[in-house]
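# Residue-level structure breakdown
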Amino acid sequence: METLVMSGRPVADAYKEQIKEKVKAAQRAGKKVTLAILTVGQDPASFVYRKRLLKMTESLGIGSRCVELPESTTTEEVVAAVQKLNEDPDINGILPMMPMPKQVDGEAVGAALAPEKDMDCLNPANGGALLMGKGRWAACTPRACMAILKFYKIPLDSKHAVILGRSNVVGKPVALLLLQENCTVTVCHSHTKNLPELLRQADIIVAAIGTSLPRTWLSPAQ
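None of these values were measured; they are calculated from a predicted model.

### With respect to the overall build of the protein
Check the secondary structure of the protein and you find 9 helices and 6 strands. Its C-alpha atoms give the protein principal-axis dimensions of roughly 60 × 45 × 35 Å. Within the protein, the fraction of its 222 residues that count as buried is 36%. Taking the contacts inside the protein whose residues are at least 6 apart along the sequence as the reference set, 65% of them involve residues at least 24 apart. A total of about 13,600 Å² of accessible surface is found on the protein, and carbon and sulfur atoms cover 55% of it. Mean positive and mean negative side-chain charge positions of the protein (27 and 22 charges, respectively) differ by 5 Å.

### Re the sheet that holds strand 5 (residues 184-188)
One open sheet holds the 3 strands; their spatial order is 5-4-6, and the pairing between them is parallel. A single partner strand is all that each edge strand has here, and the edge strands are strand 5 and strand 6 (204-207). Taken pair by pair, the neighbouring strands of this sheet meet at an average axis angle of 15 degrees, ignoring direction. Judged from the 5 bridges that link them, strand 4 (residues 160-164) and strand 5 form a sheet pairing that is parallel.

### What to know about the side chain of Thr73
The topology assignment puts Thr73 in the loop between strand 2 (63-69) and helix 3 (75-87). Taking relative accessible area as the criterion, Thr73 reaches 4% and is therefore assigned buried. Of note is the side chain of Thr73, whose polar atom sits 2.6 Å from the backbone oxygen of Pro70. Aside from chain neighbours lying at most four places away, what touches Thr73 is Val40, Val78, Gln103 and Val104.

### A closer look at the nonpolar core
Within the largest apolar cluster, 17 residues are counted, with the highest numbers of intra-cluster contacts made by Leu38, Leu69, Val78 and Met100. Secondary structure elements with two or more residues in this core: strand 1 (34-40), strand 2, helix 3 and helix 4 (106-112). Sort the elements by how many residues they give to this core and helix 3 lands first, with 5 residues. Once residues within four sequence positions are removed from consideration, Met100 is found in contact with Leu38, Val40, Val78 and Val109. Of all hydrophobic cores here, the second largest spans 14 residues; its members include Ala138, Val174, Ala175 and Cys183.

Calculation criteria
- Residues numbered from 1 in each chain as written.
- Predicted model: local features only at pLDDT ≥ 70, side-chain atom pairs only at ≥ 80, totals over all residues.
- Heavy atoms only, no water.
- Helix = DSSP H or I, 4+ residues; strand = E, 2+ residues; numbered from the N terminus.
- Buried < 20%, exposed > 50% of the residue type's maximum accessible area, 1.4 Å probe, protein only.
- Contact = heavy atoms within 4.5 Å.
- Areas by Shrake-Rupley, 256 points an atom, 1.4 Å probe, with all protein chains shown as cover.
- Lys, Arg positive; Asp, Glu negative; His and termini not counted.
- Charge placed at Lys NZ, Arg CZ, Asp CG, Glu CD.
- Pairing = 2+ DSSP bridges.
- Axes fitted to C-alpha atoms, helices over the stretch in contact; angles between N-to-C directions.
- Polar contact = N/O pair within 3.5 Å; in protein donor to acceptor, adjacent residues only side chain to side chain.
- Core = buried A, V, L, I, M, F, W, Y, C linked by side-chain atoms within 4.5 Å.

Shown next as structure tokens:
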């Protein structure tokens, strides 16, 4: 059977062109397009991700604003910073870098985001709308998974999808998005038994566990 390698780069390139056109159209209409990136503390991974985002926004013609708060910032202070961005008409989207320092309640920060500016579906209102199949938003990684499947014209209706991981930012939302496409979805996690057997039954596997899978787990059952 022929193997299809689903590289993300062609998908990203195609979406970049679409976004560039939308940004140009907004700018011709006199509208600003600006993403605010909020960091708390000095988490190295967050700064690497932010650097990539800034490079991306620049290439797309999107403006950016970085808000940096110190490691000692309280939940109330982060929420106040978010509310200020909510009220700023020049800001179209807000992306808080997670995880935040342990004294900051990340759920409270997500709940403070204006739903229409919530870029990573952290506001419970957006998460609830997604659960009901009516939401415009999902977290970035699940949306990317669906974009890749769509780009390569992978049929989804009636397929069995197995999700590894049940996080609020990948596992759960990608399961909901696949359900919207009429997949039968199995969500696996650290307490799941017979995982290799479940994986061998899958038509589609989404792994969100931060590690590669043993090849033997993916081999067809004998």
